[in-house]
Amino acid sequence: QVQLAESGGGLVQPGGSLRLPCAASGRIRSIGIMGWYRQAPGEQRELVATITSGGKTNYSDPVKGRFTISRDNVKNTVYLQMNSLKPEDTAVYYCNADSIVYFALGVRPEKSWGRGTQVTVSS
């Protein structure tokens, strides 16, 4: 199994910045797409950004130009740099990864989620 550990959340004023790292661990053969999602109170979980193993990125419209996703394939870590934060960015941010993992009989695909980290943007 793959474990994803997010960190870096907290309280920040509007216009401020935060950087969220998410490290993957476990019996990992390879990781394909990694991504960040968020869920605000009373809302459905929504895509924030994704990145392929080759570095191709995709962003949701609300965060384009303000957020940057990147990854370190050696460390199996994905990052979300969030700038110009707005109150509407307040949410729990979740890390996601599509992996190939080792198990007793060989390898298999696995889709994993972290437990989330709270980001609150408020003055």
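Up top is the structure.
Residues numbered from 1 in each chain as written. Predicted model: local features only at pLDDT ≥ 70, side-chain atom pairs only at ≥ 80, totals over all residues. Heavy atoms only, no water.

Some details on the sheet that holds strand β1 (residues 2–6)
Counted only if it meets this: Whether two strands pair comes down to DSSP finding at least two bridges between them. Strands here mean DSSP runs of E at least two residues long; helices mean DSSP runs of H or I at least four residues long; both are numbered from the N terminus. Axis definition: a line fitted to C-alpha atoms, limited for helices to the stretch in contact. Angles are taken between N-to-C directions and run from 0 to 180 degrees.
Strand order in this open sheet of four strands is β1-β3-β8-β7, and the pairing throughout is antiparallel. Looking along the sheet, the strands with just one partner apiece sit at the ends: β1 and β7 (67–72). Shown here is a sheet whose adjacent strand axes are inclined to one another by a mean of 15°, direction ignored. Inspection of the sheet shows β1 paired to strand β3 (residues 18–26) by five bridges, in the antiparallel sense.

Focus: the state of the cysteines
The condition is simple: The definition used for a disulfide is geometric: two cysteine sulfur atoms within 2.5 Å. Remark: exposure states derive from per-residue accessible area (1.4 Å probe, protein chains only) relative to the maximum for the residue type, with buried under 20%, exposed over 50%, and partly exposed in between.
Counting across every chain of the model gives one disulfide. Put simply, Cys22 and Cys95 are joined by a disulfide, and their sulfur atoms are 2.2 Å apart. The chirality of the disulfide connecting Cys22 with Cys95 is left-handed, given an S-S dihedral of about -90°. You can see Cys22 sitting in strand β3 and its partner Cys95 sitting in strand β9 (residues 91–103), a full 73 residues away along the chain. Both residues of the pair, Cys22 and Cys95, belong to the buried class.

Focus on the pattern of salt bridges
Condition: We define a salt bridge as a contact between a side-chain nitrogen of Lys or Arg and a carboxyl oxygen of Asp or Glu at a distance within 4 Å.
One pass over the structure, following the stated rule, counts five salt bridges. Among the ionic pairs, Asp89 bridges to Arg38, the shortest N-O distance being 2.9 Å. Of this pair, Asp89 sits in the loop between β8 (77–82) and β9 while Arg38 sits in strand β4 (residues 28–39), and the two are 51 residues apart along the sequence. Across the pair, exposure class does not vary: Asp89 and Arg38 are buried alike. Linked through salt bridges whose partners overlap, the residues forming this network are Arg38, Glu46, Arg66 and Asp89.

Side note on the pairing of strand β10 (residues 106–113)
Pairing geometry for β9 and β10, over eight bridges, is antiparallel. Residue pairing across strands places Ser99 opposite Glu110, the latter belonging to β10.

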